[in-house]
Amino acid sequence: MPLPPDTRIQHLLRDLAPRVLGAVTRRFCDFTASEDAVQEALLAAATDWPRDGLPENPCAWLIQVAARRLVDHVRAEAARRHREKIVVSLVPPEEQIALAADAEGATTERDDTLDLLFMCCHSALSPASAIALTLRAVGGLTTLEIARAFMVPEATMAQRISRAKQSIKASGIAFATPAAEEGTARLGAVMHVLYLIFSEGYASSSGSELIRSDLSSEGLRLTRMLHRLVPDDAEVAGLLALMLLTDARRAARTDSSGELVPLDKQDRTLWDRQALAEGLALINATLPRGTVGPYQVQAAIAAVHDEAASAQATDWAQILALYGLLERMSDNPMVALNLAVAAAMVHGPAAGLARLHALAADPRLQDHHRLDAVRAHLLERAGEREEAIECYRRAAERTASTSERTYLLLQAARLSETH
C-alpha cells in the first residue's frame, strides 16, 4: 500500500482510536489499562507506519498491538508481585483468542465506538464527568479543549477526567450497549457529548485551524449511529438535523486564505444542498411529533437561517422567538448572547446592548471573548466606533483561536481606517 503523508496517518489514527479502544475495553473490561495500551499502540503506529507503510488492516494492527501491550503489562505486574493467578483471572486464554479473532476480522462492520460512548456516560458518573471523559476517549479532544468547552480551568478538567476513570474502575461498569431503560436515562449526556464534539470541530476553540473536519465528521457519524439506534427519539433526530444544517455551511465559512467568513457574508451557493435538504426534511418531520426539546429548537433556528435566500431576507423575528423559547429551556450563556443579537436585529442595537449589560455579571462570561465580540458588533451597528474597536481588540486578546483572533483584529483595523 502506498505510504500516505504523515498528516493522513494522523487523521487515520484519530479516526481509529475510539474503535480500537472500544474493542480492547470490550475484551479486557479495564478501561484505564485499555486506554494506556491503545495510546502505546497509537505511538507505535505513528513511528512505524511512516517508515514501513500502512498495514493491510490498520484497525486490526492497532488492536493486536494494544492487546499485546496490555497482556505484557498484566504479566509483568503478576510476575513482579508473584501473583501469576492475576493473569489467569484478568486475561483468560479464551479472551485472548477472541480478541485475536476480532483483530483478524476487524472491519467497518464492527464498531465499538457507540458502546464506548454509552459506557463513558454511565449513571455512576456525574453528567459533567461523563461528558468530559467521553470527549477525551471517544472524541479525541485534549484536556485543554474540553476545559474551554466547559469554561473551567484546565487543571480542574484534568482532575475531573481522572476521577471519572477511577469511578469506572471502582464501579465495575460493564462495556456493553445498555438495556432500553438505562439507555434512555443516559441519552441526555450522550447527546451533549456528541454536540460538543461536533461544535469543537465546526468552530475550533483553539489553535490555527478554524475547522477540524475530523471532529465534526465524527460527531455526525456517531449521531447517525445513535439515530439508527433510537429512531423514534425526537431530540436525537433534532440533534442530527442541527448538525446537518450547520455543517452544510462549512465550505463557505472560510475564504481562499482560510480566514473566517461570518454567516451574513457567506457565499450561499457554496452551501451543501444535499445536507440542507436532509436536515430540513428531518426537522420538519420531527417538530410535529409533540414535546419539543432544545436540540429541535436549535435545528429550527438553523433552518430559518438556511432557508433564507440571503442574509437580508432572514426572518429575524422568528429567530428571536425561537431563542426566547430556547432560553426558557436552558440556562446557557451562549443562548443569551445569541438572543441579544437577534433582539438587536429586530428591535435595534440598543435592545441588544441592554441585554448584554445584564449578562456582564454572569461569571461564566467574564473574560470570555464572545461577550466582547458580540458587544463590538452591536456597538458598531449603533455607530459607537471607538468603543467597538476597543471591544474587538479585547475579544481578540481573549480568544485562543488564531482564525477568530485574526478576524477580530481585522474588524478593529477596518473601523480604525474608516474613522
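Coordinates for the structure precede this section.
Quantities reported herein were computed from a predicted structural model and do not represent experimental measurements. (Residues numbered from 1 in each chain as written. Predicted model: local features only at pLDDT ≥ 70, side-chain atom pairs only at ≥ 80, totals over all residues. Heavy atoms only, no water.)

Q: An account of the overall build of the protein is requested, with residue identities and associated values reported.
A: Helix and strand counts for the protein come out as 20 helices and two strands. Going through the 419 residues of the protein one by one, you find that 50% of them count as buried. When contacts within the protein are restricted to residue pairs at least 6 apart in sequence, long-range pairs at least 24 apart make up 64% of them. When the accessible area of the protein is evaluated, it comes to approximately 19900 Å², of which 52% is carbon and sulfur surface. (Helix = DSSP H or I, 4+ residues; strand = E, 2+ residues; numbered from the N terminus. Buried < 20%, exposed > 50% of the residue type's maximum accessible area, 1.4 Å probe, protein only. Contact = heavy atoms within 4.5 Å. Areas by Shrake-Rupley, 256 points an atom, 1.4 Å probe, with all protein chains shown as cover.)

Q: Break down the packing of aromatic side chains for me, with residues and values.
A: Here the structure, examined in full by the defined rule, presents three aromatic pairs. An angle of 55 degrees between the planes, with centres 5.7 Å apart, marks the rings of Tyr195 and Tyr295 as tilted. You can see Tyr195 sitting in helix α10 (residues 180-202) and its partner Tyr295 sitting in helix α14 (residues 294-307), a full 100 residues away along the chain. Judged by relative accessible area, which is 24%, Tyr195 ranks as partly exposed. Ring geometry for Phe198 versus Tyr202: centroids 5.9 Å apart, planes at 10 degrees, classification stacked. Of the two residues, Phe198 and Tyr202 are both situated in helix α10; the distance of four residues between them amounts to about one turn of the helix. Its guanidinium or amino end placed over the ring of Trp271, Arg249 lies 5.9 Å from that ring's centre, counting from NZ or CZ. (Phe/Tyr/Trp six-rings, centres within 6.5 Å; stacked < 30°, edge-to-face > 60°. Lys NZ or Arg CZ within 6 Å of the ring centre and 35° of its normal.)

Q: Outline a nonpolar patch on the surface, supporting the account with residue identities and numerical values.
A: On the surface, Leu287, Val292, Leu325 and Met329 cluster together into a nonpolar patch covering about 250 Å² of accessible area. Looking at Val292, the relative accessible area reads 30%, which means it is partly exposed. (Patch = residues over 30% accessible without salt bridge, like charges linked within 9 Å, V, L, I, M, F, W, Y side chains within 5 Å. Salt bridge = Lys/Arg side-chain N within 4 Å of Asp/Glu carboxyl O.)

Q: Hey, could you go over the environment of Asp233 for me, with residue numbers and the actual values?
A: Position of Asp233 relative to the elements: it lies in the loop between α11 (213-229) and α12 (234-247). Counting along the chain gives 56 residues from Asp233 to Arg289, while the straight-line C-alpha distance between them is 9.7 Å. If sequence neighbours within four positions are ignored, Asp233 has contacts with Leu187 and Arg289. Polar side-chain contacts of Asp233 include one of 2.9 Å to the backbone nitrogen of Val236. (Polar contact = N/O pair within 3.5 Å; in protein donor to acceptor, adjacent residues only side chain to side chain.)

Q: If you had to explain helix α19 (residues 385-398) to someone new, which residues and values would you point to?
A: The end-to-end C-alpha distance of α19, which contains 14 residues, comes to 20 Å, matching closely the 20 Å that a straight helix rising 1.5 Å per residue would cover. All of the buried residues in α19 are Ala388, Ile389, Cys391, Tyr392, Ala395 and Ala396. The buried side chains of α19 occupy one side of the element, clustering within an arc of 165 degrees when seen end-on. Of the surrounding secondary structure, the elements contacted by the buried residues of α19 are α18 (369-381) and α20 (402-418). (Expected span 1.5 Å × (residues − 1). Arc of directions from axis to C-beta.)

Q: Give me the nonpolar core: which residues, what numbers.
A: Among the nonpolar cores identified, the biggest contains 84 residues, and Val20, Phe31, Leu62, Leu133, Leu135, Leu194 and Leu226 are the most heavily contacted of them. When residues of this core are assigned to their parent elements, the largest contribution, 10 residues, is made by α10. Shared between two domains, this core takes at least three residues from each, and those domains are domain 1 (5-107) and domain 2 (236-308). Excluding residues within four positions of it along the chain, Leu135 makes contact with Gly140, Leu141, Ile146, Phe150, Val193, Leu196 and Ile197. Counting residues in hydrophobic clusters, the runner-up holds 14 residues, among them Val297, Ile319, Leu322 and Val335. (Core = buried A, V, L, I, M, F, W, Y, C linked by side-chain atoms within 4.5 Å. Domains from an automatic or database assignment.)

Q: So what about the state of the cysteines? Which residues, and what values?
A: Counted by the stated rule, this structure contains zero disulfides. Here Cys121 is not cross-linked by a disulfide; its sulfur's nearest cysteine counterpart is in Cys120, at 6.6 Å. The exposure class assigned to Cys121 is buried, which follows from its relative accessible area of 4%. (Disulfide = S-S within 2.5 Å.)

Q: Describe unusual backbone geometry, and please don't skip the residues or the numbers.
A: Even without glycine at this site, Asp367 takes up a positive phi of about 70 degrees. Residue position: Asp367 is located in the loop between α17 (349-359) and α18. Using a relative accessible area of 58% as the deciding quantity, one classes Asp367 as exposed.

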